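# Structural overview for review
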Amino acid sequence: MCLLGPMPPRTPGRSDAQVPSDASRGDSKYGRIAFVYFYQDGVKADPLFGLLDIEIAIQRRGPRTFQFEIYCIGDGYQSGHGSSEPEPLAIEFLVGARVVAKAEWRYPTVLNGHMDALTFSVPIELTDNDFEQIDSALLPSVRAEATICLE
C-alpha cells in the first residue's frame, strides 16, 4: 500500500519519477512502493523473484479521461524467475476504505539473473470527483508462476 499525492520534486539524491511519462499532459496522483517479493508457498525465507521501486501514477488527460501508469524493476537476482501467468498484479485505488478504481497488469516474465525495467499504461475509468479524493493505492495479494533456478 502507498499514499498518493503530487510527484516528488527533482533532487540530486533521488532518481526522477518515471511515471507519468509526460507530466505536462495533466494533473496526476503519484505513489511509490519500495518492493513486492514472491515466495514459494510455505517458504518465507527465500524469495523467488520481485518487483522493486514500484512507481504508480494516475493522470488526468481530459474531461473524465484518466491514464494509469506503472513502472518498476523486475528483480531476477533471487532464486528463480516468474510471471503473472496465474493472475495479474492488481492495483486498487482508494478514497478512504472505498475502492474507486482498479487496474490489472500482466507483467512480463522477470528473468533469472536480470534486473529489467518494466512499464505498463492503460486508460482507467474514474470520476473527476474520485480522482480529486484518491488518497492511496493497494496491491492485494496475488499468485505468480515461478521457476526455481538452481546453479
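This section reports on the structure supplied with the text. (Residues numbered from 1 in each chain as written. Predicted model: local features only at pLDDT ≥ 70, side-chain atom pairs only at ≥ 80, totals over all residues. Heavy atoms only, no water.)

## With respect to the layout of surface pockets
By volume, the largest pocket is sized at about 230 Å³. Along the walls of the largest pocket sit 13 residues, with F38, Y39, D41, R143 and A144 positioned nearest its centre. When contributions to the lining of the largest pocket are tallied by element, the ones reaching two or more residues are β2 (28-39), β3 (47-62) and β10 (145-148). For the lining of the largest pocket, the element with the most residues is β2, which contributes three residues. In terms of residue class, the lining of the largest pocket is built from eight nonpolar, one polar and four charged. (1 Å grid on protein atoms, 1.4 Å probe; cavity = no way out; pocket = protein on both sides within 12 Å on 5 of 7 lines; lining within 4 Å. Points joined across faces, edges and corners; volume = space filled by probe spheres on them. Helix = DSSP H or I, 4+ residues; strand = E, 2+ residues; numbered from the N terminus. Nonpolar A, V, L, I, M, F, W, Y, C, P; charged D, E, K, R; others polar.)

## Details of the packing of aromatic side chains
Within this structure, the stated rule accounts for nine aromatic pairs. Seen in terms of ring centroids, F35 and Y37 are 5.7 Å apart; in terms of plane orientation they differ by 45°. Their pairing is tilted. A relative accessible area of 23% places Y37 in the partly exposed class. Aromatic ring contacts, followed pair by pair, group F38, F49, F68, F93, W105, Y107 and F120 into a single cluster. The ring centre of F131 lies 5.7 Å from the NZ or CZ of K29, which sits over that ring. (Phe/Tyr/Trp six-rings, centres within 6.5 Å; stacked < 30°, edge-to-face > 60°. Buried < 20%, exposed > 50% of the residue type's maximum accessible area, 1.4 Å probe, protein only. Lys NZ or Arg CZ within 6 Å of the ring centre and 35° of its normal.)

## As for the nonpolar core
By size, the foremost hydrophobic cluster in this structure holds 32 residues, and its most contacted members are L51, I56, I58, F68, L89, I91 and F93. Among the elements of the structure, β2, β3, β4 (65-75), β6 (89-95), β7 (98-105) and β8 (115-124) are those that each provide at least two residues to this core. Counting residues per element, this core draws most heavily on β3, which supplies six residues. In this structure, L89 is in contact with L51, I70, A103, E104, W105, Y107, L139 and V142, ignoring residues within four places of it in sequence. Grouped together as the second largest cluster of nonpolar side chains are six residues, V19, Y30, L52 and I73 included. (Core = buried A, V, L, I, M, F, W, Y, C linked by side-chain atoms within 4.5 Å. Contact = heavy atoms within 4.5 Å.)

## Considerations on the sheet that holds β6
Reading across the sheet, the four strands line up as β1-β9-β6-β7 and stay open at both edges, with antiparallel pairing between neighbours. The sheet is open, and its two borders are formed by β1 (2-3) and β7, each paired with just one other strand. Sheet analysis places β1 next to strand β9 (residues 136-138), joined by two bridges and oriented antiparallel. Pairing of C2 across the sheet is with A137, part of β9. (Pairing = 2+ DSSP bridges.)

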